Amino acid sequence: MTNAQQPKLARQIGLFDATMVVMGGIIGAGIFINPYVVAQRVNSPLLILSVWIAGGVIAILGAFIYAELGDRMPEVGGQYVYLGKAYHPAVGFLYGWVLLLVVQTGGMAAVTVTFARYFLELTNLPVSERWVVLFTLGILTAINCLGVKPGSRVQSILTVLKIAAIVCLIVAGLFLVKNPHPLLQPALEHPVSVDLLTAIGAAMVPVLFSFGGWQTTNFIASEIKDPRRNLARALIIGVSGVITLYLLVNLVCVRVLGVTALAETMTPASAVMRIVSGERGAQLIALGIAVSTVGFLSQAILTAPRVYFAMADDGLFFRSVAYVTKKTRVPVVAILLQSVWAVIVAFTGKYEQILDFVIPIDFFFIGLSASCLFVFRRREGTVGAAVKGFRVPGHPVTTVLFIAACWLVVANTIYKYPRNSLIGVLILLVGLPVYALWARKGRAQV
């Protein structure tokens, strides 16, 4: 089948489903756990909430930037496309390379195992963790192979369910707690110092990680109806909604548990529900966390395979990965490839080590993708074209702030975990000779 005869991806995702993809990509298990990490690093209600507000501001700046990028290039592949067109196809390839090998599949493996553990704890079924991992990824993969509409609908349902779980936590913490802790306490127990600023910086890392994931919606831009309008709206509405939910969750955690108890519990959401409504409440939120992890997996299977599809379509990966079925209009080989690799990573038990060097790679490319905006705007000025569409408010200042925040996370992670970061860099560099081989193969076929 020639490229002209190859079935194309279909635009079947509306604004609501796209917004749910945005929110589903952000909301995982992190918001149910990370509040305690932040409380350990900054020890006053005002500072805790301020750090989450700062993280929300950075997230919305990122949404603005990716909204403009998506408006300029509503194509399949998102960051892969921006990096390849702004800098060099090799840069885009390296992003797709690490996305498949470690970033997406490592995260999927970790989240699937987390779900399996919650599921077995809730159900007490006499099956092994591995069977739950295999069954969960298998079902979600099959649904997404049936078409982008079934995949996005299931994703929307799961996102609505996990939003409902968060809303239950918020309502319980705001209205059912009997003896709330005061929120108006001294902002700083110690004067401003380098140590305090370092602590705030350290607290920002889990916050930014919790807010990450919205950028993956750009992978499916070519399957969103009226993407120049709906992608920007979905990003801004979705990220704004998550910011609101996250701030209220942290308000509840501080109000119900107090800063000291919050810093001492590794399961703050369960602790809140246990205080408010006993063990039944704790089990309810555990169910919510399980649904949240499945929602993340569904979103990952829906979005990221489009990057590998785009790479193959450009002749930079196995041609079969660009295969699209006539009936479902989805890249089934790309979807299966990612899920199979995620299962392998989960079964090897190496996902925890992988996650240690995922963060610097992921945030490096998020920031680098944002920097593409400067390249595209400069080219726009060179050709003198009057380009309409969404534009980032406050550019270039806001764009620089976002890039700096991303790369500060990278610098902080490299400083704290130099060995793990080096492994990530080595995996990245191995992609260069692989790219050279694919590029040479592509030129030979022309």
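Attention shifts here to the pattern of salt bridges. This structure, assessed with the given rule, holds eleven salt bridges. Across the pair Glu68 and Arg391 runs a salt bridge whose closest N-O atoms are separated by 3.9 Å. Of the two residues, Glu68 sits in helix α4 (residues 45-72) while Arg391 sits in the loop between α14 (351-383) and α15 (397-416), which places them 323 residues apart along the sequence. The exposure class of Arg391 is partly exposed, given its relative accessible area of 23%.

It is worth spelling out the side chain of Ser222 at this point. Within the element layout of this structure, Ser222 appears in the loop between α9 (194-211) and α10 (227-264). Sequence-distant contacts of Ser222, that is, excluding residues within four places in its chain, are made with Leu9, Ala10, Arg11, Pro74, Glu75 and Val76.

Here the chain averages 88 in pLDDT, while 93% of its residues score no lower than 70. Ranking the helices and strands of the chain by mean pLDDT puts helix α5 (residues 79-86) first, with 96, and α9 last, with 82.

Below, the discussion takes up the packing of aromatic side chains. Geometrically, a pair of aromatic rings is defined through the distance of the ring centres and the angle of the planes. Tallied over the full model, the rule gives 16 aromatic pairs. Aromatic side chains Phe93 and Tyr435 sit 5.6 Å apart centroid to centroid with 55 degrees between the ring planes, which places their arrangement in the tilted category. With Phe93 in helix α6 (residues 89-123) and Tyr435 in helix α16 (residues 418-445), this pair connects stretches of sequence that are 342 residues apart. The buried category is assigned to Tyr435, whose relative accessible area is 14%.

Attention shifts here to the environment of Arg130. Mapped onto the fold, Arg130 is located in helix α7 (residues 129-145). Taking the C-alpha atoms as reference points, Arg130 and Ala116, separated by 14 residues in sequence, lie 8.0 Å from one another.

Here α7 crosses helix α11 (residues 268-303) at 45 degrees, and the two axes come no closer than 10 Å. Viewed along their axes, α7 and α11 adopt a mutual orientation that is oblique. Handedness of the crossing formed by α7 with α11: right-handed. Within the contact between the two elements, α7 uses Thr136, Leu137, Leu140, Thr141 and Asn144 and α11 uses Val294, Leu297, Ser298, Ile301 and Leu302. Considering only residue class, the contact of α7 with α11 consists of six nonpolar, four polar and no charged.

Our focus in this paragraph is unusual backbone geometry. The omega angle of the peptide bond from His395 to Pro396 is 10 degrees, so this bond is cis rather than trans. The residue Asp226 is not glycine, and still its phi comes out positive at about 45 degrees. One can find Asp226 in the loop between α9 and α10. Not every positive phi belongs to a glycine, and Arg329 is a case in point at roughly 60 degrees. As for its position among the elements, Arg329 is in the loop between α12 (305-313) and α13 (332-348). Look at Arg329 and you get partly exposed, because its relative accessible area is 30%.

Before going further, it helps to examine the environment of Phe364. The residue Phe364 is located in helix α14 in this model. Residue class for Phe364 comes out partly exposed when judged on its relative accessible area of 32%. Separated by 155 residues in the primary sequence, Phe364 and Phe209 place their C-alpha atoms 13 Å from one another. Once residues lying within four places of it in the same chain are set aside, the contact partners of Phe364 are Trp407 and Val410.

Calculation rules
- Residues numbered from 1 in each chain as written.
- Predicted model: local features only at pLDDT ≥ 70, side-chain atom pairs only at ≥ 80, totals over all residues.
- Heavy atoms only, no water.
- Salt bridge = Lys/Arg side-chain N within 4 Å of Asp/Glu carboxyl O.
- Helix = DSSP H or I, 4+ residues; strand = E, 2+ residues; numbered from the N terminus.
- Buried < 20%, exposed > 50% of the residue type's maximum accessible area, 1.4 Å probe, protein only.
- Contact = heavy atoms within 4.5 Å.
- pLDDT = per-residue confidence, 0-100.
- Phe/Tyr/Trp six-rings, centres within 6.5 Å; stacked < 30°, edge-to-face > 60°.
- Axes fitted to C-alpha atoms, helices over the stretch in contact; angles between N-to-C directions.
- Parallel < 35°, antiparallel > 145°, perpendicular 65-115°, else oblique.
- Left-handed = near helix turned anticlockwise from the far one by under 90°.
- Nonpolar A, V, L, I, M, F, W, Y, C, P; charged D, E, K, R; others polar.

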